[in-house]
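# Per-entry structural report
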Amino acid sequence: MTKPALPSPITPLDVLAADWPDYALLDSGRRRKLERFGTQVIVRGEPKAWWEPSLPETTWARAHAIHEEDRPWRLQPGAPREWLMHWRTLTLQARLADTSKHLGLFPEQAPHWEFIQSHAPAPASASQPRTKNEELENSPSQVRLLNLFGYTGVASLAAAAAGFAVTHVDASKPAVAWGRFNQGLSGLNDAPIRWILDDALKFMRREIRRGVRYDAILLDPPSYGRGPAGELWKVESRLPELLTLCRQALSENPRFILLTLYNIEASPLMLANLLDQTTRGLGGSISRGELAHCPAAPARPLPLSLWARWTGD
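Residues numbered from 1 in each chain as written. Predicted model: local features only at pLDDT ≥ 70, side-chain atom pairs only at ≥ 80, totals over all residues. Heavy atoms only, no water.

### Re the overall build of the protein
- Along its length, the protein carries seven helices and 17 strands.
- Looking at the protein alone, contacts between residues at least 24 apart form 63% of all its contacts between residues at least 6 apart.
- Total accessible area computed for the protein in this model is approximately 14,700 Å², and 53% of it derives from carbon and sulfur atoms. (Helix = DSSP H or I, 4+ residues; strand = E, 2+ residues; numbered from the N terminus. Contact = heavy atoms within 4.5 Å. Areas by Shrake-Rupley, 256 points an atom, 1.4 Å probe, with all protein chains shown as cover.)

### Some points on the nonpolar core
- Counting residues in hydrophobic clusters, the biggest one holds 45 residues, and the most contacted among them are L90, L145, F164 and F256.
- When residues in this core are grouped by element, the largest group, seven residues, is from helix α3 (residues 154-161).
- Ignoring any residue separated from it by four or fewer positions in sequence, one finds L145 in contact with I116, A159, F164, A165, V166, T167, Y214, A216, L218 and F256.
- Of all hydrophobic cores here, the second largest spans 34 residues; its members include V169, L201, F203 and I257. (Core = buried A, V, L, I, M, F, W, Y, C linked by side-chain atoms within 4.5 Å. Buried < 20%, exposed > 50% of the residue type's maximum accessible area, 1.4 Å probe, protein only.)

### Description of the packing of aromatic side chains
- In this structure the tally under the stated criterion is seven aromatic pairs.
- Judged by centre distance (5.4 Å) and plane angle (80°), the ring pair of W87 and W113 falls under edge-to-face. One end of the pair, W87, is in strand β7 (residues 82-87); the other, W113, is in helix α2 (residues 110-118), with 26 residues separating them in the sequence. For the pair shown, W87 and W113 are each scored as buried.
- Look at F164 and F256: their rings are 6.3 Å apart centre to centre, the planes differ by 90°, and that puts the pair in the edge-to-face class. With a gap of 92 residues between them, F164 in the loop between α3 and β10 (165-170) and F256 in strand β15 (residues 256-261) connect regions that are remote in the sequence. Each member of the pair, F164 together with F256, is buried.
- Pairwise contacts between aromatic rings join W20, W87 and W113 into one cluster.
- Note that R95 overlies the ring of W178, its terminal NZ or CZ placed 3.9 Å from the centroid. (Phe/Tyr/Trp six-rings, centres within 6.5 Å; stacked < 30°, edge-to-face > 60°. Lys NZ or Arg CZ within 6 Å of the ring centre and 35° of its normal.)

### Thoughts on the confidence of the model for the protein
- Averaged over all residues, the pLDDT of the protein is 90; the fraction at 70 or higher stands at 90%.
- Under a pLDDT of 50 for its full length, residues 124-135 has, in the predicted model, 20 contacts with residues more than four places off or in other chains. (pLDDT = per-residue confidence, 0-100.)

### Describing the sheet that holds strand β4 (residues 40-45)
- With respect to topology, five strands assemble into an open sheet ordered β2-β3-β4-β5-β6, the strand pairing being mixed. The outermost strands of the open sheet, each flanked by one partner alone, are β2 (23-29) and β6 (74-75).
- The sheet contact formed by β4 and strand β5 (residues 65-66) spans two bridges and is parallel. Within β5, the position partnered with V43 by the bridge is I66. (Pairing = 2+ DSSP bridges.)

### Observations concerning the pattern of salt bridges
- With the rule as written, the count across this model stands at 13 salt bridges.
- Residue R32 pairs with E57 through a salt bridge whose shortest N-O separation is 3.2 Å. Remark: E57 occurs in helix α1 (residues 57-61) and R32 occurs in strand β3 (residues 32-37); sequence separation between them is 25 residues.
- The class of E57 is partly exposed, set by a relative accessible area of 42%.
- In this structure, R71 engages E68 in a salt bridge whose closest nitrogen and oxygen atoms are separated by 2.9 Å.
- For E68, a relative accessible area of 30% gives the class partly exposed.
- Via salt bridges that share partners, E68, R71 and R74 belong to a single interconnected network. (Salt bridge = Lys/Arg side-chain N within 4 Å of Asp/Glu carboxyl O.)

### Some details on α2
- The element α2 is largely enclosed, with a buried count of seven among its nine residues.
- Residues of α2 that are buried include every one of A110, P111, H112, W113, F115, I116 and Q117, and no others.

Structural data, given as structure tokens:
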């Protein structure tokens, strides 16, 4: 039987894996993952790891820090709670917070950071004039990138380091403060980045009313959450509306829209369909796939996130 052809703008599934010397997935299984962040080996819960681990439990037990659901971090004597990592020109703080298993970094997103930099207007340099944050929104000469649900801002910093004028939006005050801290660590205090604490939908409606337009848009929405004023976010009901607003906020010559989703009930085809609907009439192409970590054998690849991307070139 002949397989039906995919819609012309949509490419086959593409699995992207991070190539980052400061990070490695060592093993996964039993809904956990064993990772190396810089010099520190970490064990955290992972709901997508349904199989059995490949390495012996004695290897897992030697981790510097272990996080279990509903329990605080357990640290080996002398293990740090904060340390620095490096991605290309960026310096980033990894941190073991009491209230979360997350370290402020999502290493599986590194292929997206590489994509952003490969589509940047020009490499940034110390001698290149910068636009002050307060002047950013009124500077049409800048190539603008909007990062919605930007968390601690590694994608925002990667974009700014490569020459984009960045608007970073997140509803978490600690996450935005963490991003600003990483900005200083990375020597990008003069880079054109607006850090916005706001609900994504409210922010987009306001930007459209003001006539602010963007050349590139990133979205990494949670499945569920609340904004700074308690605004309820459910991805299945709110994401289509948000993408409609993103279409209205695109410039006349948009470069890309990049959508990432960790919702276990979604699929890459679902995201590609949403972007196909959002960008209808703009031309370009749509790609889709998963973000995964691919450790050395015998450990198994670990799928972590879904993504779809529209590019205008």
